[in-house]
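Architecture at a glance
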Amino acid sequence: PAAMERGRAFGAPLPPYEPLSDGLNMEGLPRSAVVVVEPPSMPPPRDHLVWSLCTMLYGNICCLGFMALVFSVKSRDRQVLKDYSGALSYASTSKCLNITALLLNIFLIILIGVLITSGTIVVANLIQQVQLLFDGPS
């Protein structure tokens, strides 16, 4: 008992014990059997493949969408190999490229809208000035 107390004081705390299910019979098992309970596995990281595909097809500014698609495919390959840390690294790179491409697309759409609006106003003012020149003073 004293040795167990010292082991618990210096080592990690003991894991909680789970009660056996009602239908489990321990008499049929050999005395040296060890039952290993594995913790539930973590879900694989998201690879953002659909987002990358949409970015490549609809807003491939500076080939960022294509690069995001490449990293998404690499992430999916790493998931198949059960290398979740590599998959997470490629997936985060893909996510950053997708976000950058999205922000550049939004900026470009706003810029084009502002240029069209200001160009329309300038052309309308020029047309009005030309009409005043040809009509002459009233």
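Keep in mind that what you see is a predicted model, and the values were worked out from it rather than measured. (Residues numbered from 1 in each chain as written. Predicted model: local features only at pLDDT ≥ 70, side-chain atom pairs only at ≥ 80, totals over all residues. Heavy atoms only, no water.)

1. Quick word on the packing of aromatic side chains
In this structure the tally under the stated criterion is 1 aromatic pair. With a centroid separation of 5.9 Å and 40 degrees between ring planes, the pair formed by Phe 71 and Tyr 90 is classed as tilted. Here Phe 71, found in helix 3 (residues 64-80), pairs with Tyr 90, found in helix 4 (residues 84-135); they are 19 residues apart in sequence, far enough to count as distant. Accessibility expressed as a relative area gives 22% for Tyr 90, which makes it partly exposed. We note Lys 74 situated over the ring of Phe 71; from NZ or CZ to the ring centre the distance is 5.5 Å. (Phe/Tyr/Trp six-rings, centres within 6.5 Å; stacked < 30°, edge-to-face > 60°. Helix = DSSP H or I, 4+ residues; strand = E, 2+ residues; numbered from the N terminus. Buried < 20%, exposed > 50% of the residue type's maximum accessible area, 1.4 Å probe, protein only. Lys NZ or Arg CZ within 6 Å of the ring centre and 35° of its normal.)

2. Considering helix 3
In a regular helix each residue adds 1.5 Å, so 17 residues correspond to 24 Å; helix 3 covers 25 Å between its end C-alpha atoms and thus fits that length. Considered for burial, the residues of helix 3 that qualify are Leu 64, Gly 65, Ala 68, Leu 69, Phe 71, Ser 72, Ser 75 and Gln 79. Buried residues along helix 3 cover an arc of 165 degrees about the axis, so they all sit on one side. On its buried face, helix 3 sits against helix 2 (49-58) and helix 4. Following helix 3 by one or two positions, Lys 82 adopts a phi angle in the positive range, close to 65 degrees. (Expected span 1.5 Å × (residues − 1). Arc of directions from axis to C-beta. Contact = heavy atoms within 4.5 Å.)

3. Section: the pattern of salt bridges
Tallied over the entire structure, the rule returns 2 salt bridges. The salt bridge partner of Arg 76 is Asp 47, with a shortest N-O separation of 2.5 Å. Of this pair, Arg 76 sits in helix 3 while Asp 47 sits in the loop between helix 1 (2-10) and helix 2, and the two are 29 residues apart along the sequence. A relative accessible area of 9% places Asp 47 in the buried class. Where Asp 83 meets Arg 78, a salt bridge forms, and the shortest distance between an N and an O atom there is 3.5 Å. Looking at Arg 78, the relative accessible area reads 32%, which means it is partly exposed. (Salt bridge = Lys/Arg side-chain N within 4 Å of Asp/Glu carboxyl O.)

4. Comments concerning the nonpolar core
Residues Leu 64, Ala 68, Phe 71, Leu 97 and Ala 101 constitute the largest nonpolar core, which totals 5 residues. Breaking this core down by element, the ones donating at least two residues are helix 3 and helix 4. The element that contributes the greatest number of residues to this core is helix 3, accounting for 3 residues. Leave out the neighbours within four places in its chain, and Leu 97 touches Leu 64, Met 67, Ala 68 and Phe 71. (Core = buried A, V, L, I, M, F, W, Y, C linked by side-chain atoms within 4.5 Å.)

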